[in-house]
Amino acid sequence: PPTDALISAHIAKQSEYFEDAAYSEFTLLSILENEQRLLGVYVSGNPFALVKEMTRESYVDIETFQDEIYERGNSGYVLCQIRAAKKHTSKAGNNMVFLDCIDYKGITFSAPIFNNVEKFATSLESGRFVLLYLIGKLSSKGKTIQVQSVIDLTNSLNNSTYVKAD
């Protein structure tokens, strides 16, 4: 069996064995994405919990947002992850993107973005965590929702690293 001295010597050299300057530490988001991809579930946490902690803006889930459209029309932020972004150019040459998203409560929804598509192009990619500023209206055709602005939260998540709790 290993002696106390051998174990102490091994612990003292632990950083030599397990740290390599040539490789950066995994970000917490990359750990979570790999867990989801490999296991089908998040093990180390839910990325929305991280996003919610770092978000200062007031936001709601999509169901709450849609319910408020009936009362008075609505505008505000919805916290979500983009599942797919379908780019389209109209016959007039205008760019638009149709987003398929899932909010922090797990509810899926779709919303188009017609304005400033080029400005938000890097944020409109599958897998990005975003705050969508939505405008909702009630018309003779029913409820309509349109994206007015996008705040990309993914870069902040990519800068967060896993810290082992003591």
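Please refer to the structure higher up on the page.
Residues numbered from 1 in each chain as written. Predicted model: local features only at pLDDT ≥ 70, side-chain atom pairs only at ≥ 80, totals over all residues. Heavy atoms only, no water.

(A) A look at the state of the cysteines. Applying the stated criterion across every chain yields a total of zero disulfides. Cys101 provides the cysteine sulfur closest to Cys80, a residue in no disulfide bond, and the two sulfurs are 4.0 Å apart. By relative accessible area, Cys80 is classed as buried at 0%. Judged by relative accessible area, Cys101 falls into the buried class, the value being 2%. (Disulfide = S-S within 2.5 Å. Buried < 20%, exposed > 50% of the residue type's maximum accessible area, 1.4 Å probe, protein only.)

(B) Focus on the environment of Ser123. If you trace the backbone, Ser123 turns up in the loop between strand S4 (108-113) and strand S5 (129-139). On the accessibility criterion, Ser123 (9% relative accessible area) is buried. For the pair Ser123 and Val43, spaced 80 residues apart in sequence, the C-alpha to C-alpha distance is 26 Å. Once residues lying within four places of it in the same chain are set aside, the contact partners of Ser123 are Ile82, Arg128, Val130, Val150 and Asp152. Here the side chain of Ser123 touches Asp152 through a polar contact of 3.3 Å, side chain to side chain. (Helix = DSSP H or I, 4+ residues; strand = E, 2+ residues; numbered from the N terminus. Contact = heavy atoms within 4.5 Å. Polar contact = N/O pair within 3.5 Å; in protein donor to acceptor, adjacent residues only side chain to side chain.)

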